[in-house]
Amino acid sequence: MKGIVFTEFLDLVEDKFGLEMVDKIIEQSELESGGAYTSVGTYDFSEMLQLLKNLSSYTGISIDDLLLVYAEHFFSVLEENYPSFFKTYTDPIEMLASIENHIHVEVIKIYPDAELPTFELVERTDNSLIMIYKSSRAMHHFGLGLMNKTFEHFNTTASIILEKIKEDGTEVKFIINKN
Ligand code: HEM
């Protein structure tokens, strides 16, 4: 997992819960990196999982809710760092339908070691999209947060239903309807 995902996560934790919380969740984890991340580095996903689990037990907020809020923050990081992706699109459905064959394809060119999910397009109309998310990291709520913000970016909203295909969340159907 790319370092920027860790650095932005710990920044948000500091912002919302304070520096002590950052220290606590790092101390409680067994981190090969020691908790010192750089945005250009690459770290084991298990480190993110430990940080999330510890934050969840300290705050009582579920990992899915933490990932949702984190994704909404991460979206603005993407907007700032990769403005060209956003200029390419005029419509949220069009943008989301292009994650797999454009956006993340470009991401892999920039970061060959990025660990990305796959989004399989099942059905698409002008105002709706059905996609199947697959990833061993089960970060579907991170995807949900990014999707919510994609609609907001284009000054609209959507209702998004998640249906777990696999109980562990490694395969999830997203049913997206623009409002
Ligand atoms: C992960 C880039 C848009 C879904 C990531 C990562 C990067 C990235 C760098 C981390 C990879 C790693 O840590 O190894 C981008 C860029 C985007 C974009 C530059 C647009 C400008 C989106 C959108 C979605 C999405 C709109 C909507 C669903 C995800 C998910 C992950 C991810 C779910 C977590 C990894 C996983 O589930 O396996 N993306 N992304 N991305 N991205 Fe994107």
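Structure report, in brief.

Calculation notes
- Residues numbered from 1 in each chain as written.
- Predicted model: local features only at pLDDT ≥ 70, side-chain atom pairs only at ≥ 80, totals over all residues.
- Heavy atoms only, no water.
- Axes fitted to C-alpha atoms, helices over the stretch in contact; angles between N-to-C directions.
- Helix = DSSP H or I, 4+ residues; strand = E, 2+ residues; numbered from the N terminus.
- Parallel < 35°, antiparallel > 145°, perpendicular 65-115°, else oblique.
- Contact = heavy atoms within 4.5 Å.
- Near = heavy atom within 4 Å.
- Polar contact = N/O pair within 3.5 Å; in protein donor to acceptor, adjacent residues only side chain to side chain.
- Nonpolar A, V, L, I, M, F, W, Y, C, P; charged D, E, K, R; others polar.
- Patch = residues over 30% accessible without salt bridge, like charges linked within 9 Å, V, L, I, M, F, W, Y side chains within 5 Å.
- Areas by Shrake-Rupley, 256 points an atom, 1.4 Å probe, with all protein chains shown as cover.
- Salt bridge = Lys/Arg side-chain N within 4 Å of Asp/Glu carboxyl O.
- Lys, Arg positive; Asp, Glu negative; His and termini not counted.
- Charge placed at Lys NZ, Arg CZ, Asp CG, Glu CD.
- Core = buried A, V, L, I, M, F, W, Y, C linked by side-chain atoms within 4.5 Å.
- Buried < 20%, exposed > 50% of the residue type's maximum accessible area, 1.4 Å probe, protein only.
- Pairing = 2+ DSSP bridges.

## Considerations on the packing of helix α1 (residues 3–17) against helix α2 (residues 19–27)
Next, step 1: Where α1 contacts α2, the two axes come as close as 6 Å, and the packing angle between them is 130 degrees. As far as their axial angle goes, α2 and α1 are oblique. Only Leu-19, Met-21, Val-22, Ile-25 and Ile-26 of α2 make contact with α1, whose side of the interface consists of Phe-9, Leu-10, Val-13, Glu-14 and Phe-17.

## Topic: the site of the ligand
Next, step 1: Lys-2, His-104, Glu-115, Tyr-133 and Ser-135 are the nearest of the 26 residues found near the ligand.
Next, step 2: Residue Lys-2 places a main-chain N or O atom 2.7 Å away from an oxygen atom belonging to the ligand.
Next, step 3: A distance of 2.5 Å separates an oxygen atom of the ligand from a polar atom in the side chain of Ser-135.
Next, step 4: Of the residues contributing to the shell around the ligand, the split by class is 19 nonpolar, 4 polar and 3 charged.

## What about a negative patch on the surface?
Next, step 1: A cluster of acidic side chains, namely Asp-11, Glu-14, Asp-15, Glu-20, Asp-23 and Glu-27, defines a negative patch on the protein surface.
Next, step 2: Those elements that provide at least two residues to the negative patch are α1 and α2.
Next, step 3: Relative to the helices and strands, Asp-11 is located in helix α1.

## Looking at the nonpolar core
Next, step 1: The biggest cluster of nonpolar side chains holds 57 residues, and the ones touching the most others in it are Phe-9, Leu-51, Phe-174 and Ile-176.
Next, step 2: When sequence neighbours within four positions are dropped, the list of residues in contact with Leu-51 reads Phe-6, Phe-9, Leu-10, Ile-25, Ile-26, Ser-29, Leu-31 and Tyr-37.

## Looking at the pattern of salt bridges
Next, step 1: Applying the stated criterion to the full structure yields 6 salt bridges.
Next, step 2: One salt bridge in this structure joins Lys-178 and Asp-91, with 3.1 Å as the shortest N-O distance. Of this pair, Lys-178 sits in strand β4 (residues 171–178) while Asp-91 sits in the loop between α5 (83–88) and α6 (92–97); the two residues are 87 residues apart in sequence, bridging distant segments of the chain.
Next, step 3: Classification of Lys-178 by relative accessible area gives partly exposed; the value is 24%.

## Considerations on the pairing of strand β1 (residues 118–124)
Each regular strand shows side chains that alternate between the opposite faces of the sheet.
Next, step 1: Note: β1 against strand β2 (residues 128–134), 6 bridges, orientation antiparallel. Among the inter-strand pairings, Phe-119 is bridged to a residue of β2, identified as Tyr-133.

## Examining the sheet that holds β2
Next, step 1: The strand order across the open sheet built from 4 strands is β1-β2-β4-β3, with neighbouring strands paired in antiparallel fashion. Two strands in the sheet have a free side with no partner beyond their single neighbour: β1 and β3 (158–164). Neighbour-to-neighbour, the strand axes of this sheet turn through a mean angle of 20 degrees, independent of strand direction.
Next, step 2: In this structure, β3 lies alongside β4, joined through 7 bridges in antiparallel fashion. Bridge pairing in β4 links Leu-162 to Phe-174.
Next, step 3: Together, β1, β2, β3 and β4 form the strand contacts of helix α8 (residues 140–153), whose direction differs from that of β3 by roughly 165 degrees.

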